[in-house]
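Observations on the model geometry
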Amino acid sequence: MDPLRPPGDNFSPPARLRLDTQALSTNTQRAMSSSAHVAIAGATGAVGQEIIKCLEERDFPVGKLTLLASARSAGRKLRFRDSEIEVRELTQDSFKGVDIALFSAGGSLSLEYAPSAASAGAVVVDNSSAFRMDPEVPLVVPEVNPEAAEARPRGIIANPNCTTIITMMGLYPLHRKFGLKSIIASSYQAVSGSGQAGITELRNQVSALSDDRTDIEKRVYPHQIAFNVIPQVDQFLEGGYTREELKMLNEGRKILGLPGLKVTCTCVRVPVYRSHSVSVTAQFESPASVAEAHSAYHGYPGIRVVDDPGNALYPTPLDTTEKDDCLVGRIREDMVLESALALWIVGDQVKKGAALNAVQIAELL
Ligand code: A2P
């Protein structure tokens, strides 16, 4: 984990992993061969499709690509580079000879199949929440804690929650400079966070309402999402917080290696197709000025400042849609808390919040 640096310490982006090849597990040695056999479990889903795009865009050294989904999709063909690859049904035997298995088919399927993928010798990068808080499974944002990916006794690396990744991308450069103490956040989360079903629900509701129809179908969300906002993402747990809100607390602490970090969060679903936004007040150990905050982001990979309010320049979800970088703006001193900044962070949660982060983890190997 990144040790807290004293204020004013010169920034340098985290170094890439340096692996001791003597100590490499068989899984790692196979994953590191020059072109890997990659499998995607959940290849037909919103994130699975984005993973295929990211592998292409980043020219990931794929020797062979195995696409896995439910029996419903078996036989369907998906394009990768200049070939069509047939989707196969996900089974316990799907992972023979696979070097890297990228899972994005939901938590219960990860629990069921990721261990067999790891025992077959693959390094699993799991996008679900199934293993994130397992102490033997590293939880990795490559720009923040790449070194955590080194030790993975279960052969599994977890991809954090999408809202947490985007928030960490916006806060980590400030944490390195000022030392993060607490986070008060509200998220504005796009429907694609609920997979293809969320996108379809918003599209159908908008289309029905535009035709003055009253037959609004609600399957994914408990209320109409078109032209509305819903202050609930996932189920309610203890203390009136939702599972999504507690992910920000628990995963944020694990990624930053700050068990005492204080986090309070309200996660809200909004009628946006893609890209999550997060309004954050972050309090720091040392005083933080706006100018120093701007310089903290300078040259940092994966996050850019867009902050010229006089010219109506600040990040919006459309600005990050299908883009790799997260954006941060509206940076100002908080008017309530000491040594605190208010800011607005936006990122494509299908991309950096899921697929791209998973592929970047695979690149660390
Ligand atoms: P399928 O398209 O065959 O249903 P999303 O989150 O966008 O809805 O995507 C979920 C992904 O998980 C899809 O690729 C989906 O495949 C896959 N999936 C769902 N149920 C199963 C299952 N029982 N076995 C394997 N893959 C599954």
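Residues numbered from 1 in each chain as written. Predicted model: local features only at pLDDT ≥ 70, side-chain atom pairs only at ≥ 80, totals over all residues. Heavy atoms only, no water.

Moving on, we come to the sheet that holds strand β9 (residues 262–269). Adjacent strands of a sheet pair through backbone hydrogen bonds, lying either parallel or antiparallel. Read across the sheet, six strands follow the order β9-β8-β10-β13-β12-β11 without closing on themselves; strand pairing throughout is mixed. In this open sheet, the two edge strands, each paired with only one partner strand, are β9 and β11 (303–305). Strand after strand, the sheet turns through a mean of 20° between neighbouring axes, direction not considered. Here β11 runs beside strand β12 (residues 326–333); their pairing, made up of three bridges, is parallel. Across the sheet, residue Ile 303 finds its bridge partner in β12, namely Cys 326. This element, helix α4 (residues 162–178), spans β8 (180–189), β10 (276–284), β11, β12 and β13 (340–347) of the sheet and lies at about 30° to β10. Helix α7 (residues 290–297) rests against β11, β12 and β13 of the sheet, and its axis sits at about 165° to β12. (Pairing = 2+ DSSP bridges. Helix = DSSP H or I, 4+ residues; strand = E, 2+ residues; numbered from the N terminus. Axes fitted to C-alpha atoms, helices over the stretch in contact; angles between N-to-C directions. Contact = heavy atoms within 4.5 Å.)

Here the focus is the sheet that holds strand β6 (residues 123–126). Taken in spatial order, the seven strands line up as β3-β4-β2-β1-β5-β6-β7 in an open sheet, and their pairing is mixed. With one partner strand each, in any of the chains shown, β3 (77–80) and β7 (156–158) form the two edges of the open sheet. Averaged over all pairs of adjacent strands, the angle between strand axes in this sheet comes to 25°, irrespective of strand direction. By the bridge criterion, four bridges tie β3 to strand β4 (residues 83–89) in an arrangement that is antiparallel. When the bridges of β4 are listed, Lys 77 appears paired with Glu 86. Running over the sheet, helix α2 (residues 46–57) touches β1 (36–41), β2 (62–69), β3 and β5 (100–103) and is turned about 25° from β3. Along the sheet, helix α9 (residues 351–364) makes contact with β5, β6 and β7, crossing β5 at roughly 165°.

Read these as layout, nothing more, since geometry by itself doesn't imply function.
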